[in-house]
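# Per-entry structural report
These are the residues of each chain, in order.
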Amino acid sequence: MGQHEMEPWYFSPYPSSYTAADMVHICEFCLSYSENITSFERHRAKCTLLHPPGNEIYRDDNVSFFEIDGRRQRRWCRNLCLLSKLFLDHKTLYYDVDPFLFYCMTTRDSHGCHLVGYFSKEKESAEGYNVACILTLPQYQRKGFGRLLIAFSYELSKREGKLGSPEKPLSDLGLLGYRAYWAETVVDVLTEEGRGPEISVEEIGALSAMTTADVLHTLQNLNMLRYSVSCLPTPLRYSIPFTALESTSYTLRSGTTSNTPIRKVNTSSSSQTPSSNKKKNKS
Ligand SMILES: [Zn+2]
């Protein structure tokens, strides 16, 4: 594909005759495929596409994003699904691409816009998912592109005024990417310059377009969420030690109201709380 030779990771339902082929040639622009180098070169000589067949909706110095409607570009989107299945274990969508939009990230040079990765998104998601499938092609992995894809999906959610979360299950690599993104985003929000002493989980969600569940799981994974028994019983409070980043910790007061403020408290005072009185939050 393009200048790259890739080794597939998983099965993908390309035509059965391809199983015996040494190499499958994929046009990097229209994503059509051929096992025969002569017919592939014939195709390349007449293929006029230089970017994904949709609207360019974002551009910076060398990256462009394109939005492609699955209903309007069925063949291209089906080809994209076949290609991405080679590198995604759980993916099941190949054929019915109509209900999806595909957001494709490319790098630009004088030869055209080269596909780096993409995510698909249901046009109407009853569950509020903002990503269905997400993939950075192997030749572009470990370069920060995955993070950009995830960030882009949340920027779209912000524009829609919604909170979003990716569809489950995530691939192993997807889960790693999301965990890193969520942690970085939550810490960025908490340490933002000018941030007041209190912030609620809902406010973190509203600022980042992350769901409350994802914010809470992230705080839990970062081991930033604890009961602070000195403030019990009602409303329940959690203290979030944050000493690695600054000499304060956060206290989250979990009540029945929708606003559950996190309050910065001195590490010294929270460290006086007997550890036996602290329990990890399991919500
Ligand atoms: Zn082509």
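Overview of the structure. Computed from a predicted model, the values in this text were never measured in an experiment.

Once that is clear, we can look at the side chain of Lys-85. Looking at the secondary structure, you find Lys-85 in helix H2 (residues 74-85). One buried charge, Lys-85, has no salt-bridge partner; the nearest side chain with opposite charge is Asp-89, at 5.1 Å. From its side chain, Lys-85 meets the backbone oxygen of Phe-11 in a polar contact 2.9 Å long. When residues no more than four places from it in sequence are discounted, the contact partners of Lys-85 are Tyr-10, Phe-11, Ser-12, Pro-13, Lys-91 and Tyr-94.

This next bit is on the coordination of the zinc ion. Around the zinc ion, the donor atoms from the protein are Cys-27 (SG), Cys-30 (SG), His-43 (NE2) and Cys-47 (SG), and they sit 2.1 to 2.3 Å away. For the zinc ion, the four donor atoms in the first shell make angles of 94 to 120° at the metal, a pattern classed as tetrahedral. Along the chain, the residues donating to the zinc ion fall in the pattern C-x2-C-x12-H-x3-C. Here the residue Cys-27 occupies a position in the loop between strand E1 (25-26) and strand E2 (33-34), and His-43 occupies one in helix H1 (residues 37-46), the gap between them amounting to 16 residues.

Any two side chains of opposite charge can pair if their charged atoms end up close together. On inspection of all chains with the given rule, the structure shows seven salt bridges. Between Lys-121 and Glu-160 there is a salt bridge, and its shortest N-O distance comes to 2.9 Å. You can see Lys-121 sitting in strand E6 (residues 112-122) and its partner Glu-160 sitting in helix H3 (residues 145-160), a full 39 residues away along the chain. Of the residues examined, Lys-121 reaches a relative accessible area of 7% and is grouped as buried. By relative accessible area, which is 40% here, Glu-160 ends up partly exposed.

Turning our attention to the packing of helix H5 (residues 201-208) against helix H6 (residues 212-221). It is the contact of H5 with H6, at a shortest axis distance of 9 Å, that shows an interaxial angle of 110°. Taken together, H5 and H6 sit at an angle that is classed as roughly perpendicular. The two elements H5 and H6 cross, and the hand of that crossing is right-handed. Contacts between H5 and H6 involve Val-201, Glu-202, Ile-204 and Gly-205 on the former and, on the latter, Thr-212, Val-215, Leu-216 and Leu-219. Residues belonging to the contact of H5 with H6 are distributed by class as follows: five nonpolar, two polar and one charged.

Turning to H5, its buried residues are Val-201, Ile-204, Gly-205 and Ser-208. For H5, the angular spread of buried residues about the axis comes to 100°, placing them on one side.

The next thing to look at is the side chain of Ser-165. Tracing the backbone through its elements, the reader meets Ser-165 in strand E9 (residues 165-166). By relative accessible area, Ser-165 is classed as buried at 7%. At a separation of 3.0 Å, a polar atom in the side chain of Ser-165 contacts the side chain of Lys-168.

The rules behind each value
- Residues numbered from 1 in each chain as written.
- Predicted model: local features only at pLDDT ≥ 70, side-chain atom pairs only at ≥ 80, totals over all residues.
- Heavy atoms only, no water.
- Helix = DSSP H or I, 4+ residues; strand = E, 2+ residues; numbered from the N terminus.
- Buried < 20%, exposed > 50% of the residue type's maximum accessible area, 1.4 Å probe, protein only.
- Lys, Arg positive; Asp, Glu negative; His and termini not counted.
- Salt bridge = Lys/Arg side-chain N within 4 Å of Asp/Glu carboxyl O.
- Polar contact = N/O pair within 3.5 Å; in protein donor to acceptor, adjacent residues only side chain to side chain.
- Contact = heavy atoms within 4.5 Å.
- Donors = N, O, S within 2.8 Å, 3.2 Å for Na, K, Ca; no water.
- Tetrahedral: all angles 85-135°; square planar, octahedral: opposite > 155°, others 65-115°.
- Axes fitted to C-alpha atoms, helices over the stretch in contact; angles between N-to-C directions.
- Parallel < 35°, antiparallel > 145°, perpendicular 65-115°, else oblique.
- Left-handed = near helix turned anticlockwise from the far one by under 90°.
- Nonpolar A, V, L, I, M, F, W, Y, C, P; charged D, E, K, R; others polar.
- Arc of directions from axis to C-beta.

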